[in-house]
Amino acid sequence: MNFNTMCKRWIIGFAMYVLSALYCQPAVWAADQKQIEKGDILIIYSDGSDKNTGRMVSDMVEILTYQSFKVSYGTASECMDDLNKFSYVICYDITTYPSEFPEKLRLYEENHTGETKEASHIFFVGNEFLKAYLDQTGRDQSYEYIKSTTGKIRYNFDDLSQRTSMAKEPFFLFLKNLSYKNGGLTVSEKEGYVCAREGALTHLPVTDFDDPLIKAVFIKEVAQWKWPFNGSPNIFPQYIIVNKVYPYEDPEKLMGVVKMLVKGKTPFVISVMPMYVNGDYPAMVRFCEILRYAQANGGAVIINTPINQMNPLDKNVVLDYLAQALSIYNKQGVYPLALQVPRNWMFHPDTIEIMRHFKTIVTSNEEDSYLDASEGNTNEVYKDGHQWIGSSVALDDLGTSYVSAYSTAVWISMEADPSEILLKINACRSSGIPLKSLWDMEHSYWMEKDLMTYGNQGLILNQKKQDLSFLPSTYVKNFDYHRNMLQRFSKDLTSQNRLLIFMVGITSLVFLLFILFARYNNRRNYFFGSGEKEKDQG
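This structure is a prediction, so every number in the text was calculated from the model and none was measured. (Residues numbered from 1 in each chain as written. Predicted model: local features only at pLDDT ≥ 70, side-chain atom pairs only at ≥ 80, totals over all residues. Heavy atoms only, no water.)

What am I meant to see in the overall build of the chain here?
What the chain contains, in helices and strands, is twelve helices and 24 strands. Each of the 538 residues in the chain was classed as buried or not, and the buried ones make up 46%. For the chain, the share of sequence-separated contacts (at least 6 apart) that also reach a separation of at least 24 residues comes to 72%. Counting every atom, the chain has about 29100 Å² of accessible surface; 54% of that belongs to carbon and sulfur. (Helix = DSSP H or I, 4+ residues; strand = E, 2+ residues; numbered from the N terminus. Buried < 20%, exposed > 50% of the residue type's maximum accessible area, 1.4 Å probe, protein only. Contact = heavy atoms within 4.5 Å. Areas by Shrake-Rupley, 256 points an atom, 1.4 Å probe, with all protein chains shown as cover.)

What is the right way to read the sheet that holds strand β24 (residues 464-465) from this model?
Whether parallel or antiparallel, the strands of a sheet pair through hydrogen bonds between backbone atoms. Within the open sheet, the four strands sit side by side as β21-β22-β23-β24. Their pairing is antiparallel. A strand with exactly one partner marks an edge of an open sheet, and here the two such strands are β21 (443-446) and β24. In terms of strand pairing, strand β22 (residues 451-455) meets strand β23 (residues 458-461) through four bridges, oriented antiparallel. Of the residues in β23, the one forming a bridge with Thr453 is Ile460. (Pairing = 2+ DSSP bridges.)

Explanation requested: a nonpolar patch on the surface in the structure shown.
A grouping of Phe502, Met503, Ile506, Val510 and Phe514 is seen on the molecular surface, where their side chains present a nonpolar patch of about 490 Å² in accessible area. Within the element layout of this structure, Val510 appears in helix α12 (residues 485-537). A residue is classified by how much of its surface remains accessible, and Val510, at 38% relative accessible area, is partly exposed. (Patch = residues over 30% accessible without salt bridge, like charges linked within 9 Å, V, L, I, M, F, W, Y side chains within 5 Å. Salt bridge = Lys/Arg side-chain N within 4 Å of Asp/Glu carboxyl O.)

Quick question: what am I supposed to make of the side chain of Gln340 here?
Residue position: Gln340 is located in strand β17 (residues 339-342). For Gln340, a relative accessible area of 1% puts it in the buried group. Among the polar contacts made by the side chain of Gln340, one reaches the side chain of Ser271 at a distance of 2.6 Å. Once you skip the residues sitting within four places of it in the chain, Gln340 turns out to touch Asn243, Lys244, Ser271, Ile302, Ile303, Asn304, Thr305, Val362, Ser364 and Trp411. (Polar contact = N/O pair within 3.5 Å; in protein donor to acceptor, adjacent residues only side chain to side chain.)

Is there a simple way to think about the packing of aromatic side chains in this case?
The geometry of an aromatic ring pair is captured by the separation of the ring centres together with the interplanar angle, meaning the angle of the planes. All chains considered together, the criterion is met by 23 aromatic pairs. Ring geometry for Phe123 against Phe218: centres 5.9 Å apart, planes inclined by 65°, an arrangement best described as edge-to-face. One end of the pair, Phe123, is in strand β4 (residues 121-125); the other, Phe218, is in helix α6 (residues 212-226), with 95 residues separating them in the sequence. An identical accessibility class is assigned to Phe123 and Phe218; each is buried. Ring plane angle 50° and centroid distance 5.1 Å describe the contact between Tyr145 and Phe171, whose orientation is recorded as tilted. With Tyr145 in strand β5 (residues 143-146) and Phe171 in the loop between β7 (162-168) and β8 (172-175), this pair connects stretches of sequence that are 26 residues apart. An aromatic cluster is built from Tyr88, Tyr92, Phe123, Phe209, Phe218 and Trp225, whose rings are joined through pairwise contacts. Of note, Lys131 hangs over the ring of Tyr145, and the distance from its end group to the ring centre comes to 5.6 Å. (Phe/Tyr/Trp six-rings, centres within 6.5 Å; stacked < 30°, edge-to-face > 60°. Lys NZ or Arg CZ within 6 Å of the ring centre and 35° of its normal.)

Help me understand the sheet that holds strand β1 (residues 41-45) in this model?
Pairing within the open sheet is mixed, and its seven strands lie in the order β2-β1-β3-β4-β13-β12-β9. Of all strands in the sheet, those bounded by a partner on one side alone are β2 (71-75) and β9 (180-182). Recorded for the sheet is a direction-independent mean angle of 15° between the axes of neighbouring strands. The sheet strands contacting helix α2 (residues 51-66) are β1, β2 and β3 (88-92), and the helix crosses β1 at an angle near 170°. Packing against the sheet, helix α4 (residues 101-111) makes contact with β1, β3, β4 and β13 (201-204), and its axis sits at approximately 140° to β4. (Axes fitted to C-alpha atoms, helices over the stretch in contact; angles between N-to-C directions.)

Would you mind showing me how to read the confidence of the model for the chain here?
Should pLDDT be low for a region, the predicted coordinates there are not to be read in detail. In the predicted model, the chain carries a mean pLDDT of 88, and 86% of its residues have values of at least 70. Scored below 50 in pLDDT, residues 14-32 shows zero contacts in the model against residues more than four places distant or in partner chains. (pLDDT = per-residue confidence, 0-100.)

Would you take a moment to explain the pairing of β3 for this structure?
For a regular strand, side-chain orientation follows a simple rule: the groups alternate between the two sheet faces. Most of β3 is tucked away, with five of its five residues classed as buried. Of the two faces of β3, the one holding Tyr88, Ile90 and Tyr92 and the one holding Val89 and Cys91 are both buried throughout. Summarising the sheet, β1 and β3 pair through four bridges and their orientation is parallel. Paired with Ile41 across the two strands is Tyr88, which belongs to β3. The pairing of β3 with β4 spans five bridges and is classified as parallel. Directly across from Ile90, in β4, lies its bridge partner Phe123.

Looking at this structure, I do not really get the pattern of salt bridges. What am I missing?
A side chain of one charge can pair with a side chain of the opposite charge if their charged atoms are brought near each other. Considering all chains together, one arrives at 22 salt bridges under this definition. The shortest N-O distance in the salt bridge between Lys190 and Glu144 comes to 3.5 Å. Taken together, the residues span a long stretch of sequence, with Lys190 in strand β11 (residues 190-192) and Glu144 in strand β5 at a distance of 46 residues. Classification of Lys190 by relative accessible area gives partly exposed; the value is 41%. A salt bridge links Glu353 to Arg356, with the shortest nitrogen-to-oxygen separation between them at 2.6 Å. Residue Glu353 is classed as partly exposed on the basis of its relative accessible area, which comes to 25%.

Help me understand the environment of Gln387 in this model?
Along the chain, the position of Gln387 falls in strand β19 (residues 387-391). Taking the C-alpha atoms as reference points, Gln387 and Gln67, 320 residues apart in sequence, are found 9.9 Å from one another. Beyond its immediate sequence surroundings of up to four residues, Gln387 is in contact with Lys359, Thr360, Ile361, Met441, Glu442 and His443. Engagement of the side chain of Gln387 in a polar contact is seen with the side chain of Thr360, the distance being 2.7 Å.

I tried to follow unusual backbone geometry on my own but got confused; where do I start?
A negative phi angle characterises most non-glycine residues, just as the trans form characterises most peptide bonds. Note the cis peptide between Asn311 and Pro312, where omega equals 5°. Backbone geometry at Glu189 places phi at a positive 65°, although glycine is not the residue there. Within the secondary structure, Glu189 sits in the loop between β10 (184-187) and β11. For Asn278, which is not glycine, the phi torsion reads 60° and is therefore positive. The residue Asn278 is located in the loop between β15 (268-272) and α8 (282-295) in this model.

How do you make sense of helix α9 (residues 315-331) when you look at a structure like this?
Since there are 3.6 residues in each turn of an α-helix, residues three or four apart along the chain are aligned in direction. The end-to-end C-alpha distance of α9, which contains 17 residues, comes to 24 Å, matching closely the 24 Å that a straight helix rising 1.5 Å per residue would cover. For α9, every residue scored as buried is listed here: Val318, Leu319, Leu322, Ala325, Leu326, Ile328, Tyr329 and Asn330. The N-capping residue of α9, defined by a side-chain oxygen 3.1 Å from the backbone nitrogen of Asn316, is Asp314. Phi for Gly333, located one or two positions after α9, is positive at around 80°. (Expected span 1.5 Å × (residues − 1).)

Structure below.
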C-alpha cells in the first residue's frame, strides 16, 4: 500500500468520523435533556442562569408548594417542547433563550389544546422578554415602554394597609388594554401598575424577590392568578410560634410569655429543640411542666429537627435522633404535633424522606448549609401532601403576615425583651390575617416504634389515647444524677470556683475601700494639717 492510498483512506475515515459525530449530536443532546414532568404550573427561566436566578426560582417553587401546586421548572431550552403539559406558565426574567422559543410560546398562547384541556395562562415576571415577545408577535403597540431604571411601588394588602418600596429594573414596560390591575408603580412621573392582566397574559414588572414587598406581592398575585373562580382565593391563617426553645431556657421568662398568651386567649405554638439524654433531670422536668401547661391552655408544641452537622447527611441517623427526642418528650407528657425544618429541606431527597414521617411541616427562614443545591426540576415534596406552614414575609419590624395565600408563621424569640414580645403578640391579634390554633388541624407522625395521630378522637400515641390535661410535676428533693468521679470532681470544682470568685470580689471591694480611706486621710492631713501648722507658727 503506497503513501497516497494511506492518506486517502485516512482522510475518508476522518471525514466519516466528523459526519457521524455531527449526525449523532442531536441524539446525545436530547438524551441529556431533563424530562419536564406534567404539573399545575411550569416556571421557565433563562438559559445559563446564575445562582441569583436560581434562588429566585427556588423562592417561587417554595411559595407555590405552600399553596399546594405541583410545580415543574427549567430553562427555556428545556421547557419549550413541554408547554402543552401545563395550563399555567410563569416566565421569570428571561433574557437568553432559543430563537424558536417565542414562536412556540405564541402557538401555546393561541392554540393551547394540550393535555390539560384548559386555556393558557402566562405570567411574565420582568420586562425584557415580554417586550421581545410582544414585538415578535406583532403587538408592539400594546405596551408603553419607559427607559427609566427606578420606580416606586405602592401596594395595598387585605387589611387595606399600604406598603411602599423602590424597584430597580433595566427598563419598565406597562401593558395598555387591561382587564385587571392592582397596585401602583410610578416610573419617571408616569403611573403604572404592580400587576396587571391582558387576555392570557399577566405581568409583574419587578423581579427582585429579595425585596420583601415584591415577594409579598408575588405571593398574593400568583394566588389570584391561579384562582379559577370569581372573587378572592381562600384565606389562610397565621400562627404565633415561640421559636427554638431549649430546656435550659429561663423557666420564669418562658412561663411569663406562655401566661401572657394564655391570658389574652391567643393561640400559639412552642418550637422545642430536641433532647436525646437526661429526660428525667429536674431542669427538663420543669421545662416540660411549662410545656404541659401550654398544651392544656391552647398552646401546641412542635419539634425542631436535629441540627445537621453531617456532609453528606445520613437520613437514618437523623430519624434515630428524632425518635429519641420524641420519646423523651412523650414520657414527660409533651406531644409535638409537627416538625420544623430549614426551608431548603424541601429540595433534597434525603430530607424529603425525613419529612415524609410527618403530616405537618413548618419551615423556618434558616437554611441548612450542609445540603447541596437541588438538581431536580419539580417539587418532589409535593407528592407527600404535607400541611405546610411557611415563614411570613416581614414587611415591618414586627414580622406579622400581610398575605393569606398560605399558612404563615410569625416567629417570637425568647431572647427578645418581654415588651417587644408583647408588642408583636398584639400586632398579630390586630392583624387582618386571622390567628389559628394548631389544635384545629389533624396531625400525625410515625417513627420505627411510635405512631402518633391527632384528630377528633384526641391524641393517640401507639394506639393509646393520651391525657392532655395539666398536672404539676413532682420533684425529687435529692435527685441522683449518677455522676461518676470525674463529673463529681468537675461539679465540686465548679462550686469552688464560684465561691472563689465571690471571695475575690469581696476582697477586692474591701481593698478598694481601704485605698479610698487612705487617700482620704492623706488629703485631709495634707490640707488641714498644713493649715494648723501655719497657724501655730503665726
